[in-house]
Amino acid sequence: MITEKNDTLTGLIRIHNVALNQLEVRFIYNSGDSVLFKPKDIKAYGYMDLEYEKFATGYTGEITTGYPATDGELLLHRAINGPSKLYRFYKLKFRKG
């Protein structure tokens with residue numbers, strides 16, 4: 001994980017669903033303490049072979065049920081890395097059951 005101050009953090013990340021991963025990430029330090037990071041707090045994060053980078057998308061609608069992207073900044077999944085890069089945007093709606 002890379003913070004806004006360019007600090008690199010290593011530890012565990014709690015994985016949610018693909019849409020919620022764009023809005024927040026729960027980081028767990030080696031001490032066991034955890035913190036919830038939002039796009040305003042970090043530039044990028046990754047786990048396994050997946051990488052997310054922050055972008056000012058301008059999208060302010062609902063990303064997933066109950067979690068709006070209020071300021072348009074999202075952590076987008078980088079699907080292809082090379083001379084040209086491809087990022088994925090996810091939007092999930094869950095039915096009320």
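Residues numbered from 1 in each chain as written. Predicted model: local features only at pLDDT ≥ 70, side-chain atom pairs only at ≥ 80, totals over all residues. Heavy atoms only, no water.

What am I meant to see in the sheet that holds strand 4 (residues 34–37) here?
Whenever strands of a sheet pair, they do so through backbone hydrogen bonds, lying parallel or antiparallel. Ordered in space as 2-3-4, the three strands form an open sheet in which the pairing is antiparallel. Edge positions in the sheet fall to strand 2 (12–14) and strand 4, since each has one partner strand and no second. On average, each strand axis in the sheet is tilted by 30° relative to the strand beside it, whichever way the strands run. (Pairing = 2+ DSSP bridges. Helix = DSSP H or I, 4+ residues; strand = E, 2+ residues; numbered from the N terminus. Axes fitted to C-alpha atoms, helices over the stretch in contact; angles between N-to-C directions.)

I would appreciate a short explanation of the environment of K40 in the present structure.
Considering the arrangement of structural elements, one finds K40 in the loop between strand 4 and strand 5 (42–47). In the structure, K40 is positioned 37 residues away from T3 in sequence and 9.1 Å away in space, judged by C-alpha atoms. Every residue in contact with K40, bar those within four places of it in the chain, is listed here: E4, K54 and E73. (Contact = heavy atoms within 4.5 Å.)

Explanation requested: the pairing of strand 3 (residues 25–28) in the structure shown.
Only one face of strand 3 is buried: it carries V25 and F27, and the other face, with R26 and I28, is open. Pairing between strand 2 and strand 3: three bridges, direction antiparallel. Across the sheet, I13 pairs through a bridge with F27, a residue of strand 3. Two strands pair when backbone bridges link them, and strand 3 and strand 4 are joined in this way by four bridges, in the antiparallel orientation. When the sheet's bridge partners are listed, I28 is paired in strand 4 with S34. A loop of five residues connects strand 3 with strand 4, the two strands running antiparallel in sequence, and G32 in this loop sits at a positive phi of about 100°. (Buried < 20%, exposed > 50% of the residue type's maximum accessible area, 1.4 Å probe, protein only.)

In this structure, what is going on with the pattern of salt bridges? I would like to understand it.
Any two side chains of opposite charge can pair, so long as their charged atoms come close to each other. Counting across every chain of the model gives six salt bridges. Residue R78 pairs with E53 through a salt bridge whose shortest N-O separation is 2.2 Å. One end of the pair, R78, is in strand 9 (residues 73–80); the other, E53, is in strand 6 (residues 50–56), and 25 residues separate them in sequence. With a relative accessible area of 15%, R78 lands in the buried category. Under the relative-accessibility criterion, E53 is labelled buried at 18%. (Salt bridge = Lys/Arg side-chain N within 4 Å of Asp/Glu carboxyl O.)

Looking at this structure, I do not really get the confidence of the model for the protein chain. What am I missing?
Caution applies to low-pLDDT regions: their predicted coordinates should not be interpreted in detail. With 99% of its residues at a pLDDT of at least 70, the protein chain reaches an overall mean of 89. Within the protein chain, no element has a lower average pLDDT than strand 8 (residues 67–68), which sits at 78, and none a higher one than strand 10 (residues 86–88), at 95. (pLDDT = per-residue confidence, 0-100.)

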